[in-house]
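Residues per chain are reported as follows:
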Amino acid sequence: QVQLAESGGGLVQVGGSLRLSCAASGRAFSIYFMGWFRQAPGKEREFVVATSWKSSSTYVVDSVKGRFTISRDNAKDTMYLQMNSLKPEDSAVYFCAAAGGRAAFPIRPYEYDIWGQGTEVTVSS
């Protein structure tokens, strides 16, 4: 059974930075994609960025492009989200997620099979 564990959330001022981590344990060999979603109060869970574990290709939403960077440590089965120039609208609970093989790059929540518990990011204005 694959388990994901996020960490690194917290309170940060506008313009600050945070680095989130997501470590996978268990049958990590089944993971083809790992990504990040976020959910603010009263809003639906939205895709942020993801990477293909096999090809290292990435897909990122325009709202965070140039500010957020996804990276990974293959040996540790760990994914990172470096968040810079944070804005109040970035405040949300951030979830890491993993998916098996897909015909297309997965960007919808239902396309992901395993989820972490979430880590809260609050950007203070």
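All figures in this text were calculated on a predicted structure; none of them were measured in a lab.

> Help me understand the overall build of the protein in this model?
The helix and strand tally for the protein stands at 0 helices and 11 strands. Along the protein, helices and strands appear, N-terminal first, in the series β-β-β-β-β-β-β-β-β-β-β. Overall size of the protein, expressed as C-alpha extent along the three principal axes, is 40 × 25 × 25 Å. Looking at the protein as a whole, 42% of its 125 residues qualify as buried. In the protein, the proportion of contacts linking residues at least 24 apart, taken out of those at least 6 apart, comes to 58%. For the protein, the distance from the average site of its 13 positive side-chain charges to the average site of its 11 negative ones is 4 Å.

> What am I meant to see in the sheet that holds strand β3 (residues 18-25) here?
Consider a sheet: its strands pair through backbone hydrogen bonds, and that pairing is either parallel or antiparallel. One open sheet holds the 4 strands; their spatial order is β1-β3-β8-β7, and the pairing between them is antiparallel. Strand pairing shows two members of the sheet lacking a second neighbour, β1 (3-7) and β7 (68-73), which therefore form its edges. Each adjacent strand pair in this sheet contributes to an overall mean axis angle of 15°, direction not counted. Bridge count between β7 and strand β8 (residues 78-83): 6 bridges; the pairing is antiparallel. Along β8, the bridge assignment pairs Ile70 with Leu81.

> Looking at this structure, I do not really get the environment of Ala28. What am I missing?
By the element assignment, Ala28 lies in the loop between β3 and β4 (33-39). Each C-alpha atom of the pair Ala28 and Phe47 lies 21 Å from the other, and the pair is 19 residues apart in sequence. The residues touching Ala28, leaving out its near neighbours within four places in the chain, are Val2 and Asp77.

> When you look at the nonpolar core in this model, what are you seeing that I'm missing?
Nonpolar side chains in soluble globular proteins tend to be buried together. Grouped together as the largest cluster of nonpolar side chains are 27 residues, with contacts concentrated most on Trp36, Met83 and Tyr94. Those elements that place two or more of their residues in this core are β3, β4, β5 (46-52), β7, β8, β9 (92-99) and β11 (119-124). Beyond its immediate sequence surroundings of up to four residues, Met83 is in contact with Gly16, Ser17, Leu18, Leu20, Arg67, Phe68, Tyr94 and Val121. Listed in part, the 7 residues of the second largest apolar core include Phe33, Ala50, Ala99 and Tyr112.

The rules we used
Residues numbered from 1 in each chain as written. Predicted model: local features only at pLDDT ≥ 70, side-chain atom pairs only at ≥ 80, totals over all residues. Heavy atoms only, no water. Helix = DSSP H or I, 4+ residues; strand = E, 2+ residues; numbered from the N terminus. Buried < 20%, exposed > 50% of the residue type's maximum accessible area, 1.4 Å probe, protein only. Contact = heavy atoms within 4.5 Å. Lys, Arg positive; Asp, Glu negative; His and termini not counted. Charge placed at Lys NZ, Arg CZ, Asp CG, Glu CD. Pairing = 2+ DSSP bridges. Axes fitted to C-alpha atoms, helices over the stretch in contact; angles between N-to-C directions. Core = buried A, V, L, I, M, F, W, Y, C linked by side-chain atoms within 4.5 Å.

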